[in-house]
Structures are given as C-alpha cells and as structure tokens.
Amino acid sequence: MKKYEIAIVGVTGAVGLQVFKWLIDLKFPFSNIYGYASKKSVGRNIHYKKYSLTVKELKENSFKGIDICFFCSNEMVSKKYVPYALKEKCLVIDNSSYFRMFDDVPIIIPSVNKEQYHKDLHLIANPNCATSILCSVLKPLSDLYPIDKVIVSTYQSISGLGLKAIEELKYQSIATLEGKHELANKNHFESLNDKLKYKIAFNCLPIVGTMLENNWTSEEIKIIKETKKILNQDFKIIANCIRVPTFCCHGETVVVEFKENIDVDNIIKYLKKQKELKLNNKILPVNSNCFNRLEVFVSRIRKVDDKTLTFYLLSDNLLKGAATNAIDIAFLAIGA
Ligand SMILES: NC(=O)c1ccc[n+]([C@@H]2O[C@H](COP(=O)([O-])OP(=O)(O)OC[C@H]3O[C@@H](n4cnc5c(N)ncnc54)[C@H](OP(=O)(O)O)[C@@H]3O)[C@@H](O)[C@H]2O)c1
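Everything numeric in this text was worked out from a predicted model, so none of it was measured.

What counts and what doesn't
Residues numbered from 1 in each chain as written. Predicted model: local features only at pLDDT ≥ 70, side-chain atom pairs only at ≥ 80, totals over all residues. Helix = DSSP H or I, 4+ residues; strand = E, 2+ residues; numbered from the N terminus. Rg over C-alpha atoms; globule rule 2.2 N^0.38 Å. Buried ≥ 20, exposed ≤ 12 C-beta atoms within 10 Å, placed from the backbone. Expected span 1.5 Å × (residues − 1). Contact = placed C-beta atoms within 7 Å. Pairing = 2+ DSSP bridges. Near = placed C-beta within 6 Å. Nonpolar A, V, L, I, M, F, W, Y, C, P; charged D, E, K, R; others polar. Domains from an automatic or database assignment. Bend = angle between axes of the 7 residues up to and from the residue. Axes fitted to C-alpha atoms, helices over the stretch in contact; angles between N-to-C directions.

A.B. asks: So what exactly am I meant to see when it comes to the overall build of the protein chain here?
C.D. replies: From N to C terminus, the protein chain includes 10 helices and 14 strands. Over its C-alpha trace the protein chain gives a radius of gyration of 20 Å, about what one expects of a compact globule, namely 20 Å for 336 residues. The principal-axis extent of the C-alpha atoms belonging to the protein chain is close to 60 × 55 × 40 Å. Per-residue burial over the protein chain gives 41% buried out of 336 residues.

Now the structure itself:
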C-alpha cells in the first residue's frame, strides 16, 4: 500500500495535536509526518507512542514533497499558506473557516456527503465543529422524511477556542474558587481578549464567535450556511450558540420539524444502523463519558407532535468536530 508524506500546520494546537495522535491510532498509511507552527514553537518535540516530530516554522516552501496537508491553524494562516500547498499539488484539508463558503471548495463529512468528493479536488474544507455534529444526524433523518425546519441550541465547550482557552478556564476556575476574583475576572492570557470577552469560569456565555451587526453571531451563521451547503437542502434553520464552562465536547439540543408525519420507532431503528451514531437512553451521554470518543451520541429522542422530533446530541468537538473528520476525508481521498 502506498504511504503518504503528511504535514500538519498548527501541530502544537488543540486540533493539530489530535490529528497527529489519530493519524497514528487510525493507522493512516504515512511514511512521515512533519509538523509546522509559529516561530515560537520551533524545536518543540511532540511524541505519541513510538512516533515523534520536531516542530518547524511554517514557511512558503514547507510543502515540497508533501502529499497531504492538514491545516489546523487560524483563517489568516490558511488564507496565506494554502495557495503555496496547492502549488505543490498537495491535497489540503483545511480546518479553518476561511475557504468553507467558496463555491469550488466542498465541505465534506464522509459519512454524510462523500458524493461531493471527486479525485480532482485539491482543497477540501472541514466543517465547523457544531455543524459536523448536527449534520451527522440531520442526514439520516432527511433520508427518512423531508425536513421543513431545524432549531438547534448549542452548549459548546471551551476547547472549541483552542489550547490556550482550556488553560484559561482552568486558571479562572481555580482563581474563583480561591476567592481571587480580580484575577478571575480578566483573561490570564491576554492573547485571548479578542475571542473571549467575558469570564468563562462558572458562566454560560450567549456568544460564540463574533457578534454581527444584526445580533446574530458568526458561529450561528456558520452553522446555518454550512449545514445547507453540506446537505444540499434548503430547509429553515435557526441556531443559538452558547459557550459553557466545560473543557471538551459540544452538546446540542435539536428540534426538527418534518414536512410529513413521522414514526419515532422507525427513526430510532434507522439511526441505530448508522455507524457514526451511538444511541443510548439508559446511560445518558455527558461530557465525561463522550470525551475522546469518535461517535456522535444521540439521546432523549422524543416526539413533540405528529411532524416534530426533539433530541440531544453530544460529541467530542476536537475529534468528530475536527481532527478525525479531517482524517476521514484523507482516507476517502486515498480510496481506503
Ligand atoms: N478547537 C476546535 O474544537 C475546532 C473545531 C473545528 C475547527 N477548528 C478550527 O481549527 C483551527 C485550529 O484550532 P485550534 O482549536 O487547534 O487552535 P489552537 O489550539 O489555538 O492552535 C492554533 C495552532 O495554529 C498555530 N499557529 C498560529 N499562528 C501561526 C502562524 N503564523 N504560522 C503557523 N502556525 C501558526 C499555533 O502554533 P503556536 O503554538 O506556535 O502558536 C497552533 O499550533 C482553527 O481554524 C479553528 O477554528 C477548531
């Protein structure tokens, strides 16, 4: 079997570290994995099992000889460096949102819309983490009954904002519990000030992403637009996104109105057949038992009226919502 030269841009971050780990655990056929980050991380060693890499500074010529590159950095890094990777005919799988709404760039979740992949593609976008979790369930539901309207409310953990934000929640929580309120009320890491404008410890924040002029947030608009693009369907969708003080996994309560009467037993039977989904009403999915798991957990499925269903979703945002979906795209691309 062919082995691939792999690069991870942003290998020191929350998503990049998981891509490194899961390429190994999922036995992706690689010959080498090279890791890139900003100047300040150069020389850092990253180990997992018998594998290790030394972080290099990302440069315009970092992509020579690379077959597949996972971009796990911010939008500006993708905007600047993806074109250099494409020039080297590298397959780029981008975790940032920069290219997601470009007409010629599909957003792919292999279990949902692999038909949008074709072998001439060199740039594929990985979806927003909350979108990925939602679409994994909306797709099988829409196989059964046409969807009229979706209302989703998210409970998004702090790891969605990256590694520094995880440390920030720890820091603020300890400071609060020790009664050091002055310290707890401002970000310890000033570099987070743009992304995290309110105290996160012990608070739920009614803002994920940036607030737009119309009072929607950028995260809500991403979920709405990306879901329609991935599913290639045009139902109404309303998203409310809340940041909660948990470390990992995003929860979502979802209400789906269908165009036809539904049979809930039939829905449950069909959802149970989906490899990516885990249904369990006896042991309810909570962040601590879904962390580091690859599935999307579906629980509390119940009927609202003849045409309306509601349920709760939970999944590891760094895996299904980012790293392992990106690796699934790479598996799809190599035909494995
Ligand atoms: N976290 C999630 O749940 C999630 C889910 C889906 C998608 N995403 C997206 O995935 C991307 C990565 O998110 P994350 O949560 O992993 O963020 P993160 O923990 O903050 O990591 C960011 C990474 O980017 C690197 N980086 C920053 N500036 C750079 C530069 N100028 N050149 C090269 N590398 C640079 C950082 O390197 P240094 O360590 O050297 O600074 C670090 O490795 C983002 O676009 C995010 O929106 C995240």
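A.B. asks: When you look at unusual backbone geometry in this model, what are you seeing that I'm missing?
C.D. replies: Among all residues save glycine, negative phi is the norm, and among peptide bonds the norm is trans. Not every positive phi belongs to a glycine, and Phe 202 is a case in point at roughly 60°. Tracing the backbone shows Phe 202 in the loop between helix H6 (181–184) and helix H7 (218–231). Judged by C-beta crowding, with 12 C-beta atoms within 10 Å, Phe 202 ranks as exposed. One non-glycine residue, Arg 300, adopts positive backbone phi at about 55°. The topology assignment puts Arg 300 in strand S13 (residues 296–305).

A.B. asks: Is there a simple way to think about helix H1 (residues 14–25) in this case?
C.D. replies: The α-helix winds at 3.6 residues per turn, so residues separated by three or four positions along the chain end up facing the same way. An ideal rise of 1.5 Å per residue puts 16 Å on 12 residues; H1 measures up with 17 Å between its terminal C-alpha atoms. Within H1, burial applies to Ala 14, Val 15, Gly 16, Leu 17, Gln 18, Val 19, Phe 20, Trp 22 and Leu 23. The secondary structure elements touched by the buried residues of H1 are strand S1 (4–9), strand S2 (30–37), strand S3 (45–48), strand S6 (68–71), helix H5 (163–177) and helix H10 (319–334). A positive phi of about 55° marks Lys 27, the residue just after H1.

A.B. asks: Looking at this model, I keep getting lost on the sheet that holds strand S5 (residues 56–57). Mind explaining?
C.D. replies: One key point about sheets: their strands pair by backbone hydrogen bonds, in either a parallel or an antiparallel sense. Ordered by their spatial adjacency, 6 strands build an open sheet running S5-S2-S1-S6-S7-S8, and the pairing between neighbours is parallel. The two strands at the open ends of the sheet, each matched to only one other strand, are S5 and strand S8 (123–125). Across 2 bridges, the pairing between S2 and S5 is parallel. When the sheet's bridge partners are listed, Ala 37 is paired in S5 with Glu 57.

A.B. asks: Please clarify how the site of the ligand should be interpreted in this entry.
C.D. replies: In the vicinity of the ligand there are 29 residues, among which Gly 10, Gly 13, Ser 41, Ser 73 and Gly 162 approach most closely. Counting residues per element, the ones that place at least two in the shell around the ligand are H1, S2, H5 and H10. Of the residues assigned to the shell around the ligand, the class counts are 12 nonpolar, 15 polar and 2 charged. Split by domain, the residues of the shell around the ligand number at least three in each of domain 1 (4–127 + 322–334) and domain 2 (131–317).

A.B. asks: Please clarify how helix H4 (residues 129–144) should be interpreted in this entry.
C.D. replies: Its maximal kink placed at Cys 135, H4 deviates by approximately 30°. Inspection of H4 places Cys 129, Ala 130, Thr 131, Ser 132, Ile 133, Leu 134, Cys 135, Ser 136, Val 137, Leu 138 and Leu 141 among the buried residues, and these make up the whole buried set.

A.B. asks: Got a minute to help me understand the pairing of S1 in this structure?
C.D. replies: On a regular strand, one side chain projects to one face of the sheet and the next to the other, so that they alternate. Judged from the 6 bridges that link them, S1 and S2 form a sheet pairing that is parallel. Residue pairing in the sheet places Glu 5 in a bridge with Asn 32 of S2. Pairing analysis gives 4 bridges linking S1 to S6, with the strands arranged parallel. Counterpart to Ala 7 in the pairing with S6 is Cys 69.

A.B. asks: Looking at this model, I keep getting lost on the domain arrangement of the protein chain. Mind explaining?
C.D. replies: If you check the domain split of the protein chain, you get domain 1 (4–127 + 322–334) and domain 2 (131–317). Here the C-alpha centroids of domain 1 and domain 2 sit 24 Å apart. The partner domain 2 presents 16 residues to the 14 residues of domain 1 that form the contact. Of all elements in the fold, only helix H3 (110–113) and H10 reach the threshold of two or more residues within the side of domain 1 that touches domain 2. Looking at side-chain class alone, the side of domain 1 that touches domain 2 contains 7 nonpolar, 6 polar and 1 charged residues.

A.B. asks: I'm lost on the environment of Leu 294 in this one. Help?
C.D. replies: Of note, Leu 294 is situated in the loop between helix H9 (287–290) and S13. A tally of 19 C-beta atoms within 10 Å means that Leu 294 is categorised as partly exposed. As for Leu 294 and Ile 267, which are separated by 27 residues in sequence, their C-alpha atoms are 22 Å apart. For Leu 294, the contacting residues outside a window of four places in its chain are Leu 319, Lys 320 and Thr 324.

A.B. asks: How do you make sense of the sheet that holds strand S12 (residues 277–279) when you look at a structure like this?
C.D. replies: One open sheet holds the 6 strands; their spatial order is S10-S9-S11-S14-S13-S12, and the pairing between them is mixed. Of all the strands in the sheet, just strand S10 (236–243) and S12 have a single pairing partner and so form its edges. For this sheet, the mean inter-axis angle between neighbouring strands, taken without regard to orientation, is 25°. Note: strand S9 (residues 147–156) against strand S11 (residues 250–258), 8 bridges, orientation antiparallel. In the strand pairing of S11, Val 152 is matched with Val 254. Packing against the sheet, H7 makes contact with S9 and S10, and its axis sits at approximately 145° to S10.

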